[in-house]
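# Understanding the architecture of this molecule
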Amino acid sequence: MEVNPAKKKLVRPEFTGHLARQIQRNLAMAIAGGVTSSCLFYFFYIRKKKQAYADYHRQLDPDALFEEMRENGVFQSLGGA
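Predicted, not measured: the structure shown is a model, and the values here were computed from it.

What counts and how
- Residues numbered from 1 in each chain as written.
- Predicted model: local features only at pLDDT ≥ 70, side-chain atom pairs only at ≥ 80, totals over all residues.
- Heavy atoms only, no water.
- Helix = DSSP H or I, 4+ residues; strand = E, 2+ residues; numbered from the N terminus.
- Buried < 20%, exposed > 50% of the residue type's maximum accessible area, 1.4 Å probe, protein only.
- Areas by Shrake-Rupley, 256 points an atom, 1.4 Å probe, with all protein chains shown as cover.
- Patch = residues over 30% accessible without salt bridge, like charges linked within 9 Å, V, L, I, M, F, W, Y side chains within 5 Å.
- Salt bridge = Lys/Arg side-chain N within 4 Å of Asp/Glu carboxyl O.
- Phe/Tyr/Trp six-rings, centres within 6.5 Å; stacked < 30°, edge-to-face > 60°.

## A short note on the overall build of the protein
Helices and strands together make up the secondary structure of the protein, namely 2 helices and 0 strands. Considering the protein as a whole, with its 81 residues, one finds that 0% of them fall into the buried category. In the structure as shown, the protein presents an accessible area of about 8100 Å², 61% of it carried by carbon and sulfur atoms.

Structure, rendered in structure tokens:
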């Protein structure tokens, strides 16, 4: 005995939990995007900036800088060279 395809019961679509699944997927994508963009920002901007500041302070000679500013008359009380 075969079932007539026209009389076969249709499968109902899944309506329950659709919003929860969509929110969960969107939240996971947002978290992944945020972590990715934060890592990219750190590695391509913050680390370079920190390295530049470290290089500047490593090469800085405060006594030579003071003498240069003194010769240019920055300090009024010390007088020029």
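## Considering a nonpolar patch on the surface
Residues Tyr56, Leu60, Leu65, Met69 and Val74 make up a contiguous nonpolar surface patch of about 410 Å² in total accessible area. Tracing the chain through its elements places leucine 60 in the loop between helix H1 (18-59) and helix H2 (62-71). A relative accessible area of 33% places leucine 60 in the partly exposed class.

## Remarks on the packing of aromatic side chains
Scanning the model with the defined rule gives 3 aromatic pairs in all. Ring centres 5.2 Å apart and planes at 25 degrees place the aromatic pair phenylalanine 41 and tyrosine 45 in the stacked group. Residue phenylalanine 41 and its partner tyrosine 45 are both found in helix H1; the two are separated by 4 residues, about one turn of the helix. Judged by relative accessible area, which is 49%, phenylalanine 41 ranks as partly exposed. Ring geometry for tyrosine 42 and phenylalanine 43: centres 5.2 Å apart, planes at 75 degrees, overall edge-to-face.

## Considerations on the pattern of salt bridges
Going through the model one piece at a time under the given rule, you end up with 2 salt bridges. Two residues, aspartate 55 and arginine 58, come together in a salt bridge whose shortest N-O distance is 2.8 Å. One end of the pair is aspartate 55 and the other is arginine 58, both in helix H1 and 3 residues apart, which spans about a single turn. Across the salt bridge formed by glutamate 67 and arginine 70, the nearest N and O atoms sit 3.3 Å from each other. With glutamate 67 and arginine 70 both in helix H2 and 3 residues apart, the pair spans about one turn of that helix. The class of arginine 70 is partly exposed, set by a relative accessible area of 28%.

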